[in-house]
Structure formats: structure tokens, C-alpha cells
Amino acid sequence: MSLTIEVPGASAGAPPPRGTGHAIVTRGLTKRFRGGQVAVDSLDLAVPAGSVFGFLGPNGSGKTTTIRMLLGLVRPTSGGCEVLGEPMPEGLAGALPRVGALVEGPAFYPYLSGEANLRRIDAADPTSDRRTAAHRIAAALDRVGLTAAAGKRYRAYSLGMRQRLAIASALLVPRELLILDEPTNGLDPQGTREMRGLVREIAEAGTTVFVSSHLLAEVEQMCTHVGVMRTGRLVAQGPIAELRSGGEPRIRIETPDPAAAARVLGALGLTGVREGDGEVSADLGAEAPERVNAELVARGVAVRGLAVQRPSLEDVFVGLTGEGFDVEA
Amino acid sequence: MSRLDTPAQTRPETPPTETQPTETHPTETRPTETQPTEAETVANGAPERAAPARRGTAGGTLRLLGSELGLTFRRPRNIAMLAVLAAVPVIIGVVLRVVSDDGAEGGAGSIITAVAGNGMMLTFAALFVLVPLLLPVAVAVVAGDSVAGEAGMGTLRYLLAAPAGRTRLLAVKYANAVVFGLAATALVAASALITGFLLFPVGPITLLSGSTIPLAEGLVRVLVAVGYVAAGMAALAALALLLSTLTEISIGAIAATLVLVVVTQVLGAIPQLAPVEPYLLPSWWLGFDGALRAPMALDDMGQGLLVFAAYAVVCGSAAWARFTTKDITA
Ligand SMILES: Nc1ncnc2c1ncn2[C@@H]1O[C@H](COP(=O)(O)OP(=O)(O)OP(=O)(O)O)[C@@H](O)[C@H]1O
Ligand SMILES: [Mg+2]
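Quick caveat, the model's predicted, so the values are computed rather than measured.

Definitions and cut-offs
- Residues numbered from 1 in each chain as written.
- Chains lettered and ligands numbered in written order.
- Predicted model: local features only at pLDDT ≥ 70, side-chain atom pairs only at ≥ 80, totals over all residues.
- Heavy atoms only, no water.
- Buried < 20%, exposed > 50% of the residue type's maximum accessible area, 1.4 Å probe, protein only.
- Helix = DSSP H or I, 4+ residues; strand = E, 2+ residues; numbered from the N terminus.
- Pairing = 2+ DSSP bridges.
- Core = buried A, V, L, I, M, F, W, Y, C linked by side-chain atoms within 4.5 Å.
- Contact = heavy atoms within 4.5 Å.
- pLDDT = per-residue confidence, 0-100.
- Axes fitted to C-alpha atoms, helices over the stretch in contact; angles between N-to-C directions.
- Near = heavy atom within 4 Å.
- Polar contact = N/O pair within 3.5 Å; in protein donor to acceptor, adjacent residues only side chain to side chain.
- Areas by Shrake-Rupley, 256 points an atom, 1.4 Å probe, with all protein chains shown as cover.
- Nonpolar A, V, L, I, M, F, W, Y, C, P; charged D, E, K, R; others polar.
- Domains from an automatic or database assignment.
- Salt bridge = Lys/Arg side-chain N within 4 Å of Asp/Glu carboxyl O.

1. Overview of the pairing of strand β9 (residues 208-213) of chain A
All names here are of chain A.
- Along β9, 6 of the 6 residues are buried, which leaves the element largely enclosed by surrounding structure.
- Every second residue of β9 is oriented toward a common face, with Thr208, Phe210 and Ser212 on one face and Val209, Val211 and Ser213 on the other, all of them buried.
- Here strand β4 (residues 52-56) runs beside β9; their pairing, made up of 5 bridges, is parallel. Looking at the pairing, Val52 lines up with Val209 of β9.
- Where strand β8 (residues 177-181) meets β9, 5 bridges bridge the pair, whose relative direction is parallel. Counted as the bridge partner of Asp181 is Ser212 from β9.

Spelled out as C-alpha cells, the structure:
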């Protein structure tokens, strides 16, 4: 069974030209760390403007390193990237005020309150208006539900509160692009759901969201597009529906006589036939399920049930990233 | 595919950015104020970009410096160091007062007699005590922590993503360390002046060369000495800043700076190494006593200032070269 998915439209290897409505474009983006470790390998990423792009990959697959390059924190060894139409890191001053980012977990001054921390980050942005700072900070804190803890020292924040504060700092000014590196790390189920709601709300207002994760379920619930990383390489990217439909459908037949059914399926030219206890399954290919059913009945095989199953997204991702992939549902 | 009805699918796949005015964003509370360059863009005839590249201003840099100074001067550790620095002149003053009361004949040297004779001399006595080590410690802690500390905490990546700008952030960090050095030196002088005025007689000052100047001119000379010492500390701050860009562990940068301060002073004291001495930074720190000569030893002090400037330029450039190209992986 082949799971190598050809994604139409934005497939790896053919990055779109400049200024074609993409919030992020990378071309052959490569980072080799000192010591020879290739963390990101010829990445051709195309994140459509307005999408919620899930950047999936197991631990150590290069997600954070890619994000660091997008933000101009790490210089690519070769290749390049464009964020909101600005080449990075050269166009950093023009692009980053329009980008909110969460990189590898929250980091703040432990001896300052949440509010003072946000004031500090806001002061670092040369384009932000100090006259509206207090108002914007209060609004951002409110948005992530931290108003009550605004005056508390960061040191005393729980992990979830820290994560929320980091999101608040990304929302200090209206953004065209949000880059969120594992935003639900450390959040409780309630917090995770709120985060998904927040991302959806932000996206609906027109902000492109680029969110990395190693949790498939999370990406499945909030993203329109996905890119899948495996050991520094992009193995697939495109609209999530296309990835999903990329897997071959299988037909499953419940029958008291699996051996006979398997023979019929084989005679029909179906591949990947597997016999189970009271059931048989096979790759459907281009065959029409009703024809399979008619054939079975014609050959005297009792059919108790028949179903066409598309592989779950989980199956697709396991296929793309190898068995070791963390596919917590 | 109709059964795959995730909410995500209800969204259009690629709405064009250009048609999404940022003003509709929920966090946008006062659109006209937070988008100052909007009118400018329209005037430039580039309306197709809904959100123009907003550029920073000098006011923004001052705001960042203000934030930096606020962090530095409110941090308990730094306040404690300043408190110690302010206490030392008081302690010296009290000790000298006790010693001079016990027996001025004790032959304890010129400094006791000088201070006992004129309270203003306590300022110079305090600087002589503090400039070789304690003052450099305070400056090294602030400057050595400046970049490495942020890297270690992880806040550096958020500052740079804000985007603070590497050159701008480094300049602000350096300015902050220089201001701290100046404040620490001025605090020592102020504490010494007040203590001296309270514990000892004050009047016209007899200089090292024997001539006498009026009190007001004495105060000017104190200011000159403070400026000179602060310049020496600014040179040290550049060195500490350079070391701070080389590591993510601030204690490492601080310790390395202090090791250099101590080792160079030891080397400077070895007679066989006399040819090297003029190139060592601490050798010039005590040159502030030029302010006590008549006329002021402007040549020597000027040479000291040149050495300080050379250290600041060399270390500052190296720090800049390093910091602007470094990968921020912390
Ligand atoms: N500073 C560094 N020096 C050397 N190697 C590094 C450095 N940072 C990351 N790497 C390596 O690069 C690879 C990718 O790391 P990265 O942090 O980008 O992964 P990730 O996809 O974000 O993983 P996770 O899901 O665990 O956050 C890893 O093998 C890592 O060991
Ligand atoms: Mg990561």
C-alpha cells in the first residue's frame, strides 16, 4: 500500500513565486548546526494567506528550527524564506511587527508580573504605540483569561498560565500572521479547547495561523492545511482534506465465509486482500463497491455487511512519518 | 468527502491577504491610533498593502531604554549592589573619624590627615577604595548579565521577535550598562560627600601639589573625577557586554570579566611587565586623581580616556559583530 501522497497545488519541490498570496514561503530552506546536525533539510513550504496551517512532525523533526529561521533568530545554512512578502532575515524589521510568535514555550522575567512582562515585550516593538499600551495589554490579558492574575509575579504562574501569557504577548497588536510553536503544551483539556477556539476566532478575523504540533488530533481539529515534517524534511503539505483523501480507500466485507469472499475479491483484481475473523478487506482501487457486492452475491457468498473505509488521517500520518510518530488522539 | 466535516473545512482556503483590513481584527481597539502609518501609505499611493511595514522611531528606542533602565534599577540584586556601594564611603568615613579622634599622631598616612582636614577628600578616598574591585563588580554584573541573562531566560528570542532589532537591542543594553556605571559612581561620590560633610570640617581644599582651591572648585573636581571613573566603567561595560554575547550563562560572562579585571591588575603590578601595563584597562582607572592636581592633569586623564574609548570601540564592535550574526537557539 502506497502512502506517498502527491498533493495537488502546493506540493513539495515547486514553491510558488513571490507575492502569490502566501504568508510564508520557503525555498530550499536548510539548517545545518555546528556539529553537522542537519535540523532542516531543503524545506519548500508554502503557507497560503488566511489558512490555519498545521506544521506536524515528531519530536526533533525540525519544527522549532524552521520557526526560528522564519523569525530571523537562526540564519539558514542555505535556501531562504519569505514572511509576509519580506525576505528573512533581511526584511525582519518590516515583517515581524505584523507577526505574533510563540517559540519553544513561554519565556518571561520571573520577577515581573504578567502585566509588566507584556509591557516589556511591547516596549521592544519599535512600531507599537506606547499611548495605547495599557489598553492593549489589558485586552490581550483578558483575551487569554489572565486578567485576574495580571498582577501576579510570573514566577508564581502555573505552566498553563505561562502558556497563556505567551499567547497574550503574541496578541498585543493586531497581526497578519501568528506563528505558534506547540501552543497547547501544558494546557489542561479546558485550556486546549479554549486555545482552539481562540485560534479559530483569530483566523476568522483574517490572520494566518501557522501552528506547529506533534499532536495529530489538535491539528485535525483546527487546521485547514497541513505540512508534515520527518527528520528535517517536508514529506507532504496541502489542504487537510486532500491529504485525507490521498489515502487509498479499502472495502470491508462482513461474511461467514471469508475465504470464498477473498477469492472473489482476488478474481476482481483487488489488491491488498486481507482475511479476518468473519470479514475480508481489500484496497478498493477504482472498483465500484456496488459491483463488488453484486459479484459476491452472484458467486453465492453471503454478505452481512459492506463498508468502504478511507484511511484515517492518523493512518496517513503514520505512513508519512514512520511508526514512531506520536499520534496521541 | 462530505463526511469529513471538520469546522476547518468551512473556511475558504486562500482568501487574499490584501483584502483583509487589519482594522477588523478583534484586538484592534483604536485603529487610527495603532496604525499611525496608514495615512502615509495611502499618500504613497500603495493602498494594495493593507498593513504597511510599520517603521520604528527614536521614541521607540527611548522607550526600550526606559524599560531596560526600569528593569535594572528595580531589580533587587542591583539595588543591593548599589546599597553596598553607598555604604562603603559611610564606613570609611566613620572609621577615619574614629582613628583620627584616637590619635591623629598615629602616622596613619596622608589619607587620614587629608580627610580629617577636609571632608571633601573622603570622596577621593572612597573612589580609591572602590574603583579597583567593588565598582567593577557592580558594572560587570549588570553588563555581563545583559545579553547572556536574557538568552538564558529565553526572553531574548521574544525581544528579538518583537522585533527589538539586534543592533538596537545591543545599543540599548550598552547604554543601560553605561548609565548604571555612571549612577553607581555618582552614588559613591554623593554618599562620600554627605558623609564627609557630616563627619569632618569642610573648607578650601589643599591639593596633592600643595596649592589650595576653594570649595566650589573642589566640587567641580569631584565631578571631573566621577566622569572619569564612569568612563572607565563604560569601557569595562563594553568588555563585559562582549563576553555576554558569547554565552548563554550570565554568571560565566560576569565571572570572566572579573577574572580579567583582577588578573590585569596583578599583571600591571609586576615590574617586569611594565611595557604591557599601559595597554591594560585597570591601569588607567585610578587616573581620576589627576583631578586633584593643580592644574588638573588633563594630559594623563586624556590619555586614560583614549584608552577607555579604544576599549569601548574594540569590544563594542566585536560584541556587535558577534551578536548580529549569532544564532539564537536558547
Ligand atoms: N542549537 C542546536 N545545535 C545542534 N543541534 C540542534 C540545535 N537545536 C536543535 N538541534 C537539532 O535539530 C533537530 C531539530 O530540532 P527542533 O527543535 O527543530 O525539533 P522540533 O521538531 O521542534 O522537536 P519538538 O517536537 O521536540 O519540539 C534535532 O535533532 C535537534 O537535536
Ligand atoms: Mg520544538
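2. Observations regarding the nonpolar core
- Counting 167 residues, the largest nonpolar core has Leu71, Leu177, Ile179, Val209, Phe210 and Phe317 of chain A as its most contacted members.
- For this core, the leading source of residues is helix α10 (residues 215-245) of chain B, giving 15 residues.
- Ignoring sequence-local partners within four residues, the contact set of Leu177 of chain A consists of Ala23, Ile24, Val83, Leu84, Arg98, Val99, Gly100, Thr207, Thr208 and Phe210 of chain A.
- Residues Ala260, Leu265, Leu268 and Leu270 of chain A belong to the second largest nonpolar core, which totals 15 residues.

3. Focus: the confidence of the model for chain B
- Confidence in the prediction for chain B averages 82 pLDDT; 80% of positions are at 70 or higher.
- Below pLDDT 50 for its whole length, residues 1-54 of chain B participates in 87 contacts with residues either more than four positions away or in separate chains.

4. Concerning the sheet that holds strand β11 (residues 233-239) of chain A
Residues and elements named next belong to chain A.
- Taken together, 6 strands build an open sheet; the order of strands is β7-β8-β9-β4-β10-β11 and the sheet is mixed. Each having just a single partner strand, β7 (99-102) and β11 make up the two edges of the open sheet. In this sheet, neighbouring strand axes are inclined to one another by 10 degrees on average, regardless of whether the strands run parallel or antiparallel.
- Running at roughly 145 degrees to β9, helix α1 (residues 63-70) makes contact with β4, β8, β9 and β10 (225-230) of the sheet.

5. A word on the site of ligand 1
- Inspection of the region around ligand 1 gives 13 residues, with Asn59, Gly60, Lys63, Thr64 and Thr65 of chain A positioned closest.
- More than one chain reaches ligand 1: its neighbouring residues belong to chains A and B.
- Within the backbone of Ser61 of chain A, a nitrogen or oxygen atom sits 3.2 Å from an oxygen atom of ligand 1.
- Surface burial for ligand 1 is 67%, taken as the share of its 630 Å² of free accessible area covered by protein chains.
- Broken down by element, the residue count for the shell around ligand 1 peaks at 3 residues, all from α1 of chain A.
- Residues belonging to the shell around ligand 1 are distributed by class as follows: 3 nonpolar, 8 polar and 2 charged.

6. Observations concerning the domain arrangement of chain A
- Each assigned domain of chain A is listed here: domain 1 (22-244) and domain 2 (250-309).
- Here the C-alpha centroids of domain 1 of chain A and domain 2 of chain A sit 47 Å apart.

7. So, the environment of Ala114 of chain B
- Positionally, Ala114 of chain B belongs in helix α5 (residues 110-117).
- Once the C-alpha coordinates of Ala114 of chain B and Leu207 of chain B are considered, the two residues, 93 residues apart in sequence, prove to be 9.4 Å apart.

8. Overview of the pattern of salt bridges
- Scanning all chains against the criterion turns up 26 salt bridges over all chains.
- With its nearest N and O atoms 4.0 Å apart, the salt bridge here joins Arg119 of chain A to Glu115 of chain A. You can see Arg119 of chain A and its partner Glu115 of chain A sitting in helix α3 (residues 114-124), 4 residues apart, about one turn around the helix.
- Using a relative accessible area of 44% as the deciding quantity, one classes Arg119 of chain A as partly exposed.
- Owing to a relative accessible area of 33%, Glu115 of chain A belongs among the partly exposed residues under this scheme.
- Taken together, the shared-partner salt bridges in this structure form one network comprising Arg120 of chain A together with Glu68, Glu150 and Lys173 of chain B.

9. Let's talk about the side chain of Ser281 of chain A
All names here are of chain A.
- You can see Ser281 is positioned in strand β14 (residues 279-283).
- Residue Ser281 is classed as buried on the basis of its relative accessible area, which comes to 10%.
- Only 2.9 Å separates the side chain of Ser281 from the side chain of Arg250, close enough to count as a polar contact.
- Residues contacting Ser281, with those up to four places away along its chain left out, are Arg250, Ile251, Arg252, Gly272, Val273 and Arg274.

10. As for the sheet that holds β14 of chain A
All names here are of chain A.
- Ordered in space as β13-β14-β12-β15, the 4 strands form an open sheet in which the pairing is antiparallel. At either end of the open sheet lies a strand with only one pairing partner, and these are β13 (274-275) and β15 (305-309).
- Inspection of the sheet shows strand β12 (residues 250-254) paired to β15 by 5 bridges, in the antiparallel sense. Pairing of Arg252 across the sheet is with Ala307, part of β15.

11. Brief notes about unusual backbone geometry
- In this model, Met88 of chain A is joined to Pro89 of chain A through a cis peptide bond whose omega is 5 degrees.
- Inspection of the secondary structure assignment puts Pro89 of chain A in the loop between β6 (86-88) and α2 (92-95).
- Looking along the chain, the bond that leaves Ala162 of chain B and enters Pro163 of chain B is cis, with omega of 0 degrees.
- By the element assignment, Pro163 of chain B lies in the loop between α8 (155-161) and α9 (166-199).
- The phi dihedral of Ser42 of chain A falls on the positive side, at around 40 degrees, and the residue is not glycine.
- Assignment of secondary structure puts Ser42 of chain A in strand β2 (residues 38-43).
- Of the residues examined, Ser42 of chain A reaches a relative accessible area of 37% and is grouped as partly exposed.
- Not every positive phi belongs to a glycine, and Glu104 of chain A is a case in point at roughly 45 degrees.
- With respect to the secondary-structure elements, Glu104 of chain A resides in the loop between β7 and α3.
- A residue is classified by how much of its surface remains accessible, and Glu104 of chain A, at 44% relative accessible area, is partly exposed.

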